[in-house]
2 protein chains.
Amino acid sequence: MRDLGRRGFLGYSLAGGAVALAAPADSEKTEGPPPPVTRRLANYAVHGQFSDIPTSVRKEATRTLLNWVGCAIGGSQNETVPIAISALSPFFGPAQATILGRKERADIFHAALINGISSHVLDFDDTHMATAIHPAASVVPAILALAEYMPVSGRDFLNAMVLGIEVECRLGAAVYPAHYDVGWHITGTTGVFGAAAAGGRLLNLSEQQMVWALGLAAAQPVGLREMFGSMTKSFHPGRAAQNGLTAALLASKNYTSSDQGIEAKSGWANVVSTQHDYADIQSQLGKTYLLSENSYKPFASGLVVHPIIDGCIQLRNEHKLKPDQIEKIDLRVHRLVLELTDKKTPQTGLEGKFSVYHAAAVAITEGAGGEAQFSDRAVRVPETVALRGKVAVTIDASLKGDQARVVIVLKDGRRLEKFIEHALGSIQNPMSDRDLEAKFLGLADGVLPVERAKQVMERCWNAADLKDAGVIAKSAAG
Amino acid sequence: MRDLGRRGFLGYSLAGGAVALAAPADSEKTEGPPPPVTRRLANYAVHGQFSDIPTSVRKEATRTLLNWVGCAIGGSQNETVPIAISALSPFFGPAQATILGRKERADIFHAALINGISSHVLDFDDTHMATAIHPAASVVPAILALAEYMPVSGRDFLNAMVLGIEVECRLGAAVYPAHYDVGWHITGTTGVFGAAAAGGRLLNLSEQQMVWALGLAAAQPVGLREMFGSMTKSFHPGRAAQNGLTAALLASKNYTSSDQGIEAKSGWANVVSTQHDYADIQSQLGKTYLLSENSYKPFASGLVVHPIIDGCIQLRNEHKLKPDQIEKIDLRVHRLVLELTDKKTPQTGLEGKFSVYHAAAVAITEGAGGEAQFSDRAVRVPETVALRGKVAVTIDASLKGDQARVVIVLKDGRRLEKFIEHALGSIQNPMSDRDLEAKFLGLADGVLPVERAKQVMERCWNAADLKDAGVIAKSAAG
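Quick summary incoming for the structure in this document. (Residues numbered from 1 in each chain as written. Chains lettered and ligands numbered in written order. Predicted model: local features only at pLDDT ≥ 70, side-chain atom pairs only at ≥ 80, totals over all residues. Heavy atoms only, no water.)

## So, the nonpolar core
Nonpolar side chains in soluble globular proteins tend to end up buried together.
Part 1 of the argument: Counting residues in hydrophobic clusters, the biggest one holds 246 residues, and the most contacted among them are A:Val69 and B:Val69.
Part 2 of the argument: Discounting chain neighbours no more than four positions away, the residues touching A:Val69 are A:Leu100, A:Phe440, A:Val456, A:Cys460, A:Ile472 and A:Ala476. (Core = buried A, V, L, I, M, F, W, Y, C linked by side-chain atoms within 4.5 Å. Buried < 20%, exposed > 50% of the residue type's maximum accessible area, 1.4 Å probe, protein only. Contact = heavy atoms within 4.5 Å.)

Below, the structure is given as structure tokens:
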């Protein structure tokens, strides 16, 4: 697999992970017919064994699962979710699956859709940095619903999850960045493949059926970047989960599709992207895992402001800072910070997520950067509003996407400084298991009793040993 | 609206219809922000009145409806449909809507999906030639399901249908041919907008809600041309119907989306097409109707062989030809005929649709070109198999897509000749109402009792006067 190098999202590269082992010839430079990547991926999704997955990757899968379940529970209270339920519930089928964090149950398609929405609506879920994909957002809701509908062991569940995420992220790597740059929301366009592969594996599809499932997935991409900032953004991974699950179920009854849904002339890769590299799909498939590069957000905002929040919280805690001690906050940042988060006077929590000024201020006033700090309440706290007026931002071309330099000048003349080399949550400075648990409990606070939240966490950590993976969803019901 | 000229599908041009009245500046050549076409279309879909639709367009809408219902009834017996039902029925919601031609009922989403599949699976439905869109395939199943779920008068139904088809075809015209050429199945990618607009109109969306519905539609295109020849092709309009209906229902509860889902930088038009012309959307909107250019297939095969079937049937009937009189059949054809239908020894009915040799032979042996003539049975009839060996095909660069020259040389030395200037079913030589009725009855044969089939037809013809449009679907139950 080639090194995506500077192409990666926020400057992240696949080279940081386990996959940069081989560098085969770029498939775009070769002559002749394209490689049969649809069948290759189908073969992998049908035959990949849990016993072949390294322990570290299995562990990362449980971290991804835990983080995803927490985000879905927390997101279930966002207004987006009851709106979707009220619009769609008159058409729900049998109550086959749990809507996490809520009392309502639904058929597996609608459960997958709505759990996908709630897991992404806070923009707090996992991120595969090099491709900008949120890997769990489509894969997990699809198979978690299936695990309540049919018997699925925890081992089979985790195996399907790893295979689905691998299919999804490798397809994303193959078309990134051209596909993303033109305007596709890559989480939804590749998530449908991940959901189809993972769901199809649990349904025991044959290789030919899996080829058809991937073809049906190819025909149903979801998501435009234009929808960012509206409720439709979180609809993308939810609908991709539903589409992938539909693809797998149709294929299981021999609903046919193309045998070259991805690589054909009028197939997915050519239609949705002006460039692609099939080496990203084929190289070391089943030997290295993009899931091992997955990352988790400690803060409920866009990734670009994470180093700033990290630095401000550290300085606050180290110096027991109070807002009224502060004369000025000087930030040196990557250029994307001002491109994406230059909102000076945010009026809503959602706008707060796109305000570097609010992010720095609230990190000082509240000492945290969770969902509560990016709420409608938080952006109106007078102390925070006053402090954000003291934040100055300067672009520093020498900084990378996960770096920032925070300087706080105090009224007594002191000058406190912190350089964040890798923000908390980046691949080089990942959240610890304890960090993830604290984040989970914060998200579940007010939705599940704390004892039940701890039970859900326990089941995620021990997923591989569960006889019935469906209990994860059941115990997360609101 | 500009003249698509030679760009149109099979050489058809928008100039043939009612819309070539104005020629405003090409929007791609203008400076500044793009025109607000999402809001423009939303405004039209929300405010367009039935009383503004000319009688001729209303009549064309009933012809389109009749043809669509017949195709759905006939297609309901294709194996694709029971496969889809068996895969998805465990997840059906309440039995809100009819699956045409069948006993099963489903929630409105699944009814829309499956009726969309059955209406397109025979490749026998209506075609807007200049854009290659099958206009009814996504719009009608969406609103027909809705008409069984809530009170919808026939007048409101037809109005929504016309508005939806107009939105769909104008978006298609705006991105054709670049969008189609890259590999999108334009029926599914534009059908989702048509279904959203038509469904949203019946749901009485506000203009803002309709803007959101179109945005939700923009994020869910369906369909790759690579899927042609597999069951996934007919899945495209079905899923587009379901997606559009979902978009409209979500928007009705204020599920938000972009305000510029179509024209924004990362919006639909830029993401799915390298070229577009917004004049095709805006010009004469509400004054001229692309629906008036809709056409209906008299023969159950690809359009390119229609002039050949037409010519062969005419010569057969005029000369009371028997196959054993024939020495040779010489065909002069448009180049696309050999590009698309050069299959010399078809083994299945589906392959027969892509064999010009079978099409000519069966037109002589059976005197027809309906679904029965493109069945597994028909391609194996010895008399037809023998005759197709006597068919010779030559490309004639002077012929247009709806033209052919048929020469039949008899064993007694006679030479019979027929030049088809415009094939039956083309815009210039449309099927008559009686032709459409005969086609309908042929499709319903074996599915509905003939008296009931006639009742369904009567209801389609009189749709504008129905108190309850849902009765069209109810009377078409199998």
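## Some thoughts on the packing of aromatic side chains
Part 1 of the argument: Counted by the stated rule, this structure contains eleven aromatic pairs over all chains.
Part 2 of the argument: Centre to centre, the rings of B:Tyr176 and B:Tyr180 are 5.7 Å apart; their planes meet at 35 degrees, and the pair counts as tilted.
Part 3 of the argument: Judged by its relative accessible area of 4%, B:Tyr176 falls in the buried class.
Part 4 of the argument: Through a chain of ring-to-ring contacts, three or more aromatic side chains come together here, namely A:Phe91, B:Phe109 and B:Tyr149.
Part 5 of the argument: When the ring centre of A:Phe124 is taken as origin, the NZ or CZ atom of A:Lys439, which lies over that ring, is 4.1 Å away.
Part 6 of the argument: The aromatic ring of B:Tyr180 is capped on one face by B:Arg225, whose charged end is 4.2 Å from the ring centroid. (Phe/Tyr/Trp six-rings, centres within 6.5 Å; stacked < 30°, edge-to-face > 60°. Lys NZ or Arg CZ within 6 Å of the ring centre and 35° of its normal.)

## Section: the interface of chain A and chain B
Often, the extent of an interface is quoted as the loss of accessible area upon association of its parts.
Part 1 of the argument: Taken together, the contact pairs 61 residues of chain A with 61 residues of chain B.
Part 2 of the argument: Our count for the chain A to chain B interface comes out at zero salt bridges.
Part 3 of the argument: The element contributing the most residues to the side of chain A that touches chain B is helix H10 (residues 232-252) of chain A, with ten residues.
Part 4 of the argument: Counted by class, the side of chain A that touches chain B contains 30 nonpolar, 25 polar and six charged residues. (Salt bridge = Lys/Arg side-chain N within 4 Å of Asp/Glu carboxyl O. Helix = DSSP H or I, 4+ residues; strand = E, 2+ residues; numbered from the N terminus. Nonpolar A, V, L, I, M, F, W, Y, C, P; charged D, E, K, R; others polar.)

## A few points about the relation of the copies chain A and chain B
Part 1 of the argument: For the pair chain A and chain B, the superposition axis carries a translation of 0.0 Å, the fit reaches an RMSD of 0.1 Å, and the rotation angle comes to 180 degrees. On the angle and the small slide along the axis, the relation comes out as a two-fold axis. Nearest to the rotation axis, the C-alpha of A:Gly93 is located 1.7 Å from it, this being the minimum over chain A. (Least-squares fit on C-alpha atoms with pLDDT ≥ 70 in both.)

## Regarding the state of the cysteines
Residues and elements named next belong to chain B.
Part 1 of the argument: Taken as a whole and assessed by the stated rule, the structure comprises zero disulfides over all chains.
Part 2 of the argument: Cys-71 forms no disulfide, and the closest cysteine sulfur to it belongs to Cys-460, at a distance of 11 Å.
Part 3 of the argument: We classify Cys-71 as buried; its relative accessible area is 1%. (Disulfide = S-S within 2.5 Å.)

## Topic: the packing of helix H18 (residues 433-444) of chain B against helix H19 (residues 450-461) of chain B
Residue and element names in this part refer to chain B.
Part 1 of the argument: Following both chains from N to C, one finds H18 and H19 inclined at 140 degrees, their axes separated by 10 Å at the closest point. Taken together, H18 and H19 sit at an angle that is classed as oblique. Relative to H19, H18 is oriented so that their crossing is right-handed. Every residue of H19 that contacts H18 at Asp-433, Glu-437, Phe-440, Leu-441 and Ala-444 is listed here: Val-450, Ala-453, Lys-454, Val-456, Met-457 and Trp-461.
Part 2 of the argument: Its residues assigned to classes, the contact of H18 with H19 comprises eight nonpolar, no polar and three charged. (Axes fitted to C-alpha atoms, helices over the stretch in contact; angles between N-to-C directions. Parallel < 35°, antiparallel > 145°, perpendicular 65-115°, else oblique. Left-handed = near helix turned anticlockwise from the far one by under 90°.)

## Remarks on the packing of helix H2 (residues 55-75) of chain B against helix H4 (residues 108-120) of chain B
All names here are of chain B.
Part 1 of the argument: The N-to-C vectors of H2 and H4 enclose an angle of 95 degrees; their axes lie 7 Å apart at closest approach. Classified by the angle their axes make, H2 and H4 are roughly perpendicular. When H2 is examined against H4, the residues Trp-68, Cys-71, Ala-72 and Gly-75 are found in contact with a partner set consisting of Asn-115, Ser-118 and Ser-119.
Part 2 of the argument: The residue inventory of the contact of H2 with H4, partitioned by class, reads three nonpolar, four polar and no charged.

## Examining the sheet that holds strand E7 (residues 404-410) of chain B
Residues and elements named next belong to chain B.
Part 1 of the argument: A sheet is described by the order of its strands in space; here four strands give the open sequence E6-E5-E7-E8, paired in mixed fashion. Strands at the two margins of the open sheet, each flanked by one partner only, are strand E6 (391-395) and strand E8 (415-420). Within the sheet, the average angular offset between the axes of one strand and its neighbour, ignoring direction, is 15 degrees.
Part 2 of the argument: In the sheet, strand E5 (residues 326-333) pairs with E7 via seven bridges, with the strands oriented antiparallel. In the strand pairing of E7, Leu-331 is matched with Val-406. (Pairing = 2+ DSSP bridges.)

## Some remarks on the pairing of E8(B)
Residue and element names in this part refer to chain B.
Part 1 of the argument: Side chains Leu-416, Lys-418 and Ile-420 project from E8 onto a buried face, and the interleaved Arg-415, Glu-417 and Phe-419 project onto a face without burial.
Part 2 of the argument: Judged from the six bridges that link them, E7 and E8 form a sheet pairing that is antiparallel. Residue pairing for E8: Ala-404 is matched across the bridge by Ile-420.
Part 3 of the argument: Hairpin connection, E7 to E8: the antiparallel pair is bridged by four residues, and Gly-413 has positive phi, about 95 degrees.

## Brief notes about the environment of A:Ala97
Residues and elements named next belong to chain A.
Part 1 of the argument: Mapped onto the elements of the fold, Ala-97 is located in strand E1 (residues 97-98).
Part 2 of the argument: Classification of Ala-97 by relative accessible area gives buried; the value is 0%.
Part 3 of the argument: Spatially, the C-alpha atoms of Ala-97 and Ala-386 are 46 Å apart, while their sequence positions differ by 289 residues.
Part 4 of the argument: Excluding anything up to four places from it in sequence, Ala-97 contacts Arg-105, Ala-106, Ile-108, Ala-111, Ala-145 and Glu-148.

## Describing helix H18 (residues 433-444) of chain A
All names here are of chain A.
Part 1 of the argument: The terminal C-alpha atoms of H18 lie 16 Å apart, and with twelve residues this matches the ideal 16 Å at 1.5 Å per residue to within 8%.
Part 2 of the argument: If you check which residues of H18 are buried, you get Leu-436, Lys-439, Phe-440, Leu-443 and Ala-444. The buried residues of H18 all sit within an arc of 130 degrees when viewed along its axis, so they share a single face. Turned more than 90 degrees from where H18 packs its buried face, Arg-434 and Ala-438 sit exposed.
Part 3 of the argument: Turning to H18, the residues buried within the fold contact helix H2 (55-75) and helix H19 (450-461).
Part 4 of the argument: The first or second residue beyond H18 is Gly-446, which carries a positive phi of 85 degrees. (Expected span 1.5 Å × (residues − 1). Arc of directions from axis to C-beta.)

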